[in-house]
Amino acid sequence: FRIINQSHLIFENMTFTGSGLSSEDGYSYAPIRVQGGGDITFRRLLIGGATYTISLRNSKNILIEDSVLAYGHGGLEVANTSATVRHCTFAFGGVNHIAFRNNNNERIVFENNILTDMLNMKGSNVIVHINNADVFSEKNNCFFVRMPWSERLIYGWNFSGGKRAEKNVKTLRDFPF
């Protein structure tokens, strides 16, 4: 379903499964898509089987907590949105687990989550993509990956304006690169 330009909503105890195939308007590759909303809470969700489980774009103050997001090609997609993700379990079989595309300095809090890969093959893709590590806060996350740490990146950083972003040791100091 889509939430477009709506605020002050709470969604609890819901299950979504399915392919999440694109529709003609390009919005439904994720079972939940928020565009331009604010102050929205998602709690105790079970989502699986889609390209991305949740897509958040151009929104603010989104909370996702106590949920299971599984079996998608990707995981959670957050673009130009301030969000808090906590107490969730991510079990993905695809290329990108989580993408935080906070290009306009939107604050991201990522805490107390469990993340695991479920590929039949070993993939060296980073688990969490971050565009701006200066506004990213993470703590107490548990990662279970099937590759040696020397071959697997937990946190990666994207390119901004065609130039590679610098590593931010203040935020990412505890993780191998």
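Everything below is about the structure shown above.
1. Regarding the packing of aromatic side chains
Working step 1: Evaluation of the coordinates by the stated rule reveals seven aromatic pairs.
Working step 2: Their ring planes at 70 degrees and their centres at 5.6 Å tell us that F100 and F110 sit as a pair that is edge-to-face. With F100 in strand β11 (residues 98–101) and F110 in strand β12 (residues 108–111), this pair connects stretches of sequence that are ten residues apart. Across the pair, F110 and F100 agree in class, each one buried.

2. Section: the environment of S59
Working step 1: Its place among the elements puts S59 in the loop between β5 (54–57) and β6 (60–65).
Working step 2: Along the sequence, S59 and I4 sit 55 residues apart, while their C-alpha atoms lie 9.4 Å from each other.
Working step 3: The residues contacting S59, other than those within four sequence positions of it, are V34, Q35, G36, G37, N80, T81 and S82.

3. Some words on unusual backbone geometry
Working step 1: The phi angle at N80 is positive, at roughly 50 degrees, despite the residue not being glycine.
Working step 2: Within the secondary structure layout, N80 lies in the loop between β8 (76–79) and β9 (83–86).

4. Topic: the environment of D66
Working step 1: By the element assignment, D66 lies in the loop between β6 and β7 (68–70).
Working step 2: Residue D66 is classed as partly exposed on the basis of its relative accessible area, which comes to 37%.
Working step 3: Counting along the chain gives 19 residues from D66 to V85, while the straight-line C-alpha distance between them is 8.9 Å.
Working step 4: Those residues within four positions of D66 in sequence are excluded, and the remaining contacts are R43, R44, L45, R86, H87 and C88.

Rules and cut-offs
- Residues numbered from 1 in each chain as written.
- Predicted model: local features only at pLDDT ≥ 70, side-chain atom pairs only at ≥ 80, totals over all residues.
- Heavy atoms only, no water.
- Phe/Tyr/Trp six-rings, centres within 6.5 Å; stacked < 30°, edge-to-face > 60°.
- Helix = DSSP H or I, 4+ residues; strand = E, 2+ residues; numbered from the N terminus.
- Buried < 20%, exposed > 50% of the residue type's maximum accessible area, 1.4 Å probe, protein only.
- Contact = heavy atoms within 4.5 Å.

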